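# Commentary on secondary and tertiary structure
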Amino acid sequence: MNGDILVATDGSDIAATAAAQGLEIAERLQATVHAVSVVDRADADDESVHERHQEFVERVERDCRDRGLDVETSVRSGRPGRELLEYADERDVGLIVMGTHGRTGLKRWLMGSVAIAVVREAGCPVLTVNATAAAPFEEIDDVLIATDGRPGVDTAVDQGLELATAYGSRVHSLYVVNDVHSHTSVVLEAFEELGERSTSKIAERAGERGLETERALERGIPHREIVAYADERDVDLVVVGTESRSGLDRVVAGSVSQRVIGTAPVPVLSVRTLER
């Protein structure tokens, strides 16, 4: 995970929690932080709103200075999701960090709007923290990488292993056999074989990095099993693939990944596979 870290803030408590986690990671990686807040275009002409958003980024700036981190601040106007994505592209950041919703008394960053738009379209990993997530973590001891065995999660595995290596984390690889739509034994056995191969591959790659590993196969509804596993095993970070534009089946924001983002008890690192 290379490059600077964009910390998006709207002044809400959940944005502050997400920012704190972002700064913990920035300190570990010695990355420059970009504190960015976006004034909705409906308020673009209201100077008081701009001043308020300037206060938001200055809070993050002070926290960065206290940690000895390099930081840049920016207040932009427009559609929040689009502005954050454009800033990330302009500065070639390596990670975006944001809360999954925020309440400022003005506008809200809601699931299904800003956060999911950023997750769906970002060209870099996105770390989200929802309102119930336990964060920030000074140490990330356990990382859960959820896999469905398809090409779309390869980039997520890469990024998850890089972050786990930076922290020396134990890596949990999890495959969930969705038995809701099919109870045919031959079908379920085929998925279990795919799960064995997929989790073994992740464990092997983690082992090559000197990381401790655990593998698990579960049956049930994927997002529920992922969240339950993270909760039961005291995982500190969940890694999911959000999209594969390979012409094959896709793991898309709006299905498993979106539900994990909204309900996980810990921060979620979402990684989109870009079409090549």
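Predicted model, so just to flag it, every value in this text is computed and none were measured.

Conventions and cut-offs
Along every chain, residues carry numbers that run from 1 in the direction the sequence is written. With pLDDT at 70 or above as the cut-off, local features in this predicted model cover only qualifying residues; side-chain atom pairs require 80 or more to be listed or tallied, and sums for whole chains, interfaces and linings still use all residues. With hydrogens and water excluded, all non-hydrogen atoms of the structure serve as input to the side-chain values. Only DSSP runs of H or I reaching four residues or more are called helices, and only runs of E reaching two or more are called strands; each is numbered from the N terminus. Contacts are assigned to residue pairs that have any heavy atoms within 4.5 Å of one another. The salt bridge definition used is simple: a Lys or Arg side-chain nitrogen within 4 Å of an Asp or Glu carboxyl oxygen. Note on classification: 1.4 Å probe, protein chains only; a residue is buried when its accessible area is under 20% of the maximum for its type, exposed when over 50%, partly exposed between these limits. Patch criteria: residues need more than 30% relative accessible area and no salt bridge. Like-charged residues are merged within 9 Å; nonpolar side chains of Val, Leu, Ile, Met, Phe, Trp and Tyr are merged within 5 Å. All accessible areas in this document rest on Shrake-Rupley with a 1.4 Å probe, and a residue is counted as covered only by the protein chains that are shown. Here the nonpolar core consists of buried residues drawn from Ala, Val, Leu, Ile, Met, Phe, Trp, Tyr and Cys, with membership extended through side-chain atoms lying within 4.5 Å. Throughout this description, a polar contact denotes any pair of N or O atoms lying within 3.5 Å of each other; where both atoms belong to protein, one of them has to be capable of donating a hydrogen while the other can accept it, and for residues adjacent in sequence the pair is counted only when both atoms sit in side chains. Note on pairing: DSSP must find at least two bridges between two strands before they are called paired. Think of each axis as a best-fit line through the C-alpha atoms, taken over the contacting stretch in the case of a helix, with angles from 0 to 180 degrees between the N-to-C directions. For any helix crossing, the convention is left-handed if the near helix is rotated counterclockwise from the far helix by under a right angle, and right-handed if that rotation is clockwise. Side-chain classes follow a simple rule in which Ala, Val, Leu, Ile, Met, Phe, Trp, Tyr, Cys and Pro form the nonpolar group, Asp, Glu, Lys and Arg form the charged group, and the remainder, Gly included, forms the polar group.

Right, let's get into the overall build of the chain. Of regular secondary structure, the chain possesses eight helices and 12 strands. Put simply, 79% of the contacts in the chain that link residues at least 6 apart link residues at least 24 apart.

The next subject is the pattern of salt bridges. Side chains that carry opposite charge are capable of pairing whenever their charged atoms lie near each other. Using the criterion set out here, one finds 15 salt bridges in the structure. Of the charged contacts in the structure, one is a salt bridge between R28 and E139, with a shortest N-O distance of 2.9 Å. Here R28 is found in helix α1 (residues 13-29), whereas its partner E139 is found in the loop between β7 (126-129) and β8 (142-147), with 111 residues between them in sequence. Residue R28 is classed as partly exposed on the basis of its relative accessible area of 32%.

This next bit is on a nonpolar patch on the surface. Residues V186, V187 and F191 make up a contiguous nonpolar surface patch of about 240 Å² in total accessible area. Mapped onto the secondary structure, V187 falls in helix α6 (residues 185-208).

Moving on: the nonpolar core. If you look at the biggest cluster of nonpolar residues, it comprises 75 residues, and the most contacted ones within it are L6, L84, I96, M98, V118 and V238. If we skip the residues at most four places from it in the chain, L6 touches H34, V36, L84, Y87, A88, V93, L95, I96 and V97.

The next thing to look at is the environment of D179. Secondary-structure assignment places D179 in the loop between β9 (170-177) and α6. C-alpha of D179 to C-alpha of F191: the two residues are 12 residues apart in sequence and 9.7 Å apart in space. Setting aside chain neighbours within four positions, we find D179 in contact with L188, R219 and G220.

All right, on to the side chain of H34 then. When you line up the elements, H34 lands in strand β2 (residues 33-40). On the accessibility criterion, H34 (1% relative accessible area) is buried. Polar side-chain contacts of H34 include one of 2.7 Å to the side chain of Y87. Not counting chain neighbours up to four residues away, the residues in contact with H34 comprise D4, I5, L6, V7, E72, Y87, R91 and V93.

The next subject is the pairing of strand β4 (residues 95-99). Along β4, five of the five residues are buried, which leaves the element largely enclosed by surrounding structure. Every second residue of β4 is oriented toward a common face, with L95, V97 and G99 on one face and I96 and M98 on the other, all of them buried. Pairing analysis gives three bridges linking strand β1 (residues 5-8) to β4, with the strands arranged parallel. Its bridge partner being in β4, V7 is matched across the sheet by V97. Pairing geometry for β4 and β7, over four bridges, is parallel.

This part covers the packing of helix α7 (residues 222-232) against helix α8 (residues 256-263). With their axes 9 Å apart at the nearest point, α7 and α8 run at an angle of 35° to one another. Pair α7 / α8 crosses with right-handed handedness. Note on element contacts: α8 touches α7 through V256, R259, V260 and T263, opposite P222, H223, I226 and V227. Classifying every residue of the contact of α7 with α8 by side-chain character gives five nonpolar, two polar and one charged.

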